[in-house]
Amino acid sequence: MGLERMGRWSGRQQDQTAFVLPLALLAGLVLSASSLSLMGVALASHQAQASEHRRRLADDGLRDLAQLLAQQLVGQRPETLNPASLGPDLLALALPPGWQLGGLQWQPSEPADPGLGALQVTIKGRGGEQRQGVMRFERSLADGRIRALHQEGA
């Protein structure tokens, strides 16, 4: 009878052990899945922050470029400016690393006020990103030279 009791006890212990192992495996899988999910959320958040940081750097570079253009262009005729006339040193001062001048496009004066015009500035980043800003300028009617530049936005 003593052996019979031990046999039942041993059987119960095996049943409990067989029940605990799948439960432990299931708990491990759930924890692994939740940690992967949290890592995915953290990665997405990091990518969004990095993208916002690149956008802000580009906007700052666009503003810096606008200020440098304003310093160079006041007293000049708008037709004298082209991307080739801007030296690489000037662009390196204004633009953040990885960004380059995409283009300058003069928009003609408005018929209602021939003394006003606009310059659209485009910069391009490594990943195909692009930012644009517009600078309005006042032009002397007598000689066509730029009197003042005003940045509108980035």
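Presented here is an overview of the structure given in this document. (Residues numbered from 1 in each chain as written. Predicted model: local features only at pLDDT ≥ 70, side-chain atom pairs only at ≥ 80, totals over all residues. Heavy atoms only, no water.)

1. What about the pairing of strand E2 (residues 116-125)?
Along a regular strand, successive side chains alternate from one face of the sheet to the other. Within E2, eight of the ten residues are buried, leaving the element largely enclosed by the surrounding structure. In terms of strand pairing, strand E1 (residues 99-107) meets E2 through eight bridges, oriented antiparallel. Residue pairing in the sheet places Gln 100 in a bridge with Lys 124 of E2. Summarising the sheet, E2 and strand E3 (residues 130-139) pair through nine bridges and their orientation is antiparallel. Residue pairing in the sheet places Val 121 in a bridge with Gly 133 of E3. (Buried < 20%, exposed > 50% of the residue type's maximum accessible area, 1.4 Å probe, protein only. Helix = DSSP H or I, 4+ residues; strand = E, 2+ residues; numbered from the N terminus. Pairing = 2+ DSSP bridges.)

2. Comments concerning the pattern of salt bridges
This structure, assessed with the given rule, holds seven salt bridges. Note that Arg 63 is salt-bridged to Asp 60, the shortest N-O span being 2.9 Å. Taken together, the residues Arg 63 and Asp 60, both in helix H1 (residues 2-73) and three residues apart, mark about one turn of the helix. Through salt bridges with shared partners, one network takes in Glu 52, Arg 55, Arg 56, Asp 59 and Arg 131. (Salt bridge = Lys/Arg side-chain N within 4 Å of Asp/Glu carboxyl O.)

3. Side note on the side chain of Arg 139
Of note, Arg 139 is situated in strand E3. Within the structure, the side chain of Arg 139 is placed 2.8 Å from the backbone oxygen of Gly 144, a separation counted as a polar contact. Among residues more than four places away in sequence, those in contact with Arg 139 are Pro 78, Glu 79, Gly 115, Gly 144, Arg 145, Ile 146 and Arg 147. (Polar contact = N/O pair within 3.5 Å; in protein donor to acceptor, adjacent residues only side chain to side chain. Contact = heavy atoms within 4.5 Å.)

4. Some words on the environment of Gln 132
Structurally, Gln 132 is set in strand E3. Along the backbone, Gln 132 and Thr 122 are ten residues apart, and their C-alpha atoms lie at a distance of 4.5 Å. In this structure the side chain of Gln 132 is engaged in a polar contact, spanning 3.2 Å, whose partner is the side chain of Gln 120. Polar contacts involving the side chain of Gln 132 include one to the side chain of Thr 122, which spans 3.4 Å.

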